[in-house]
Amino acid sequence: DSGVTQTPKHLITATGQRVTLRCSPRSGDLSVYWYQQSLDQGLQFLIQYYNGEERAKGNILERFSAQQFPDLHSELNLSSLELGDSALYFCASSVGWGIGDEQFFGPGTRLTVL
Amino acid sequence: SQQGEEDPQALSIQEGENATMNCSYKTSINNLQWYRQNSGRGLVHLILIRSNEREKHSGRLRVTLDTSKKSSSLLITASRAADTASYFCATDAQGNKLTFGGGTRVLVKP
């Protein structure tokens, strides 16, 4: 158990809908990262927050947004969902934001868009 | 294309044998990490090796890094059925954004 929690574990929804994925980092970790894992794209970095502020951005679609709250939990919002958004979404956390920090991954949320 | 590319894509071995997989990357890195993922589950951090290190050990794991060749290898010695998983290398060429390779699927047969 990494100490990172994600809810829900599974999510099934329809195209055009909007969903929110939630992540609680390990106690003491200030950074939260979001990753998407799909069969065709593999594991891709989406976005990072550090202590409430956006720190780095990756291949995140404009339909997706995220935020980190004062209690350091984070939410990833996916809107206008398409079939291709079906994937495993992972959250990871680390103590700092710097290079070389070990990232601890949560169990993931499996999103299925029908 | 991805920063890290694992080779082979899949590996099947008998319990007790060693498993070796390689990772190549394109640009300079500060460190390289290896992760394990059991089928459809979260990633488990295995080991981090910094760019100024050449070899690192953790239990039955041995990681090497050759920055001149931009490659790393992960060796699992005396493999067990529980080692069956996908193994990914991840690099930090883009700062603290990890870039993952496509992974090596390892099957350890009892």
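Residues numbered from 1 in each chain as written. Chains lettered and ligands numbered in written order. Predicted model: local features only at pLDDT ≥ 70, side-chain atom pairs only at ≥ 80, totals over all residues. Heavy atoms only, no water.

1. Some details on the layout of surface pockets
No. 1: In this structure, the largest pocket occupies an estimated 630 Å³ of space.
No. 2: Around the largest pocket, the lining comprises 24 residues; the ones closest to its centre are Gln-37, Ser-38, Leu-39 and Gly-42 of chain A together with Phe-88 of chain B.
No. 3: Mapped by element, the contributors of at least two residues to the lining of the largest pocket are strand 4 (31-38), strand 9 (87-94) and strand 11 (109-113) of chain A together with strand 1 (4-7), strand 9 (85-94) and strand 11 (104-109) of chain B.
No. 4: A total of 3 residues in the lining of the largest pocket trace back to one element, the largest contributor, which is strand 11 of chain A. (1 Å grid on protein atoms, 1.4 Å probe; cavity = no way out; pocket = protein on both sides within 12 Å on 5 of 7 lines; lining within 4 Å. Points joined across faces, edges and corners; volume = space filled by probe spheres on them. Helix = DSSP H or I, 4+ residues; strand = E, 2+ residues; numbered from the N terminus.)

2. Observations concerning the sheet that holds strand 1 (residues 5-7) of chain A
Residues and elements named next belong to chain A.
No. 1: Pairing within the open sheet is antiparallel, and its 4 strands lie in the order 1-3-8-7. On the outer flanks of this sheet lie strand 1 and strand 7 (64-68), each paired with one strand and no other. Strand-to-strand twist across the sheet, computed as the mean angle between neighbouring axes with direction ignored, equals 15°.
No. 2: Inspection of the sheet shows strand 7 paired to strand 8 (residues 74-78) by 5 bridges, in the antiparallel sense. Note on strand 8: the bridge partner recorded for Ser-65 is Asn-77. (Pairing = 2+ DSSP bridges. Axes fitted to C-alpha atoms, helices over the stretch in contact; angles between N-to-C directions.)

3. Let's talk about the interface of chain B and chain A
No. 1: Across the contact, 20 residues belong to chain B and 24 residues belong to chain A.
No. 2: Note on chain B versus chain A: buried area summed over both sides is about 1,600 Å², and carbon and sulfur give 55% of it.
No. 3: The interface formed by chain B and chain A contains 0 salt bridges.
No. 4: Taken together, the connections running from chain B to chain A amount to 3 residue pairs in polar contact (both at pLDDT 80 or more).
No. 5: Of all the secondary-structure elements, those providing two or more residues to the side of chain B that touches chain A are strand 4 (31-37), strand 5 (43-50), strand 9 and strand 10 (97-100) of chain B.
No. 6: When grouped by side-chain class, the residues that make up the side of chain B that touches chain A number 6 nonpolar, 10 polar and 4 charged. (Contact = heavy atoms within 4.5 Å. Buried area = accessible area lost by both parts, 1.4 Å probe. Salt bridge = Lys/Arg side-chain N within 4 Å of Asp/Glu carboxyl O. Polar contact = N/O pair within 3.5 Å; in protein donor to acceptor, adjacent residues only side chain to side chain. Nonpolar A, V, L, I, M, F, W, Y, C, P; charged D, E, K, R; others polar.)

4. With respect to the state of the cysteines
No. 1: Tallied over the entire structure, the rule returns 2 disulfides over all chains.
No. 2: Each sulfur of the disulfide joining Cys-23 of chain A and Cys-91 of chain A lies 1.7 Å from the other. With the S-S dihedral at roughly -45°, the linkage between Cys-23 of chain A and Cys-91 of chain A falls on the left-handed side. Of this pair, Cys-23 of chain A sits in strand 3 (residues 19-24) while Cys-91 of chain A sits in strand 9, and the two are 68 residues apart along the sequence.
No. 3: A relative accessible area of 0% means that Cys-91 of chain A is categorised as buried.
No. 4: Covalently, Cys-23 of chain B is tied to Cys-89 of chain B through a disulfide, its sulfur atoms 2.0 Å apart. Residues Cys-23 of chain B and Cys-89 of chain B are joined by a disulfide whose S-S torsion is about 65°; by sign, that bridge is right-handed. One end of the pair, Cys-23 of chain B, is in strand 3 (residues 19-25); the other, Cys-89 of chain B, is in strand 9, with 66 residues separating them in the sequence. As far as the burial class goes, Cys-23 of chain B and Cys-89 of chain B line up, both buried. (Disulfide = S-S within 2.5 Å. Buried < 20%, exposed > 50% of the residue type's maximum accessible area, 1.4 Å probe, protein only.)

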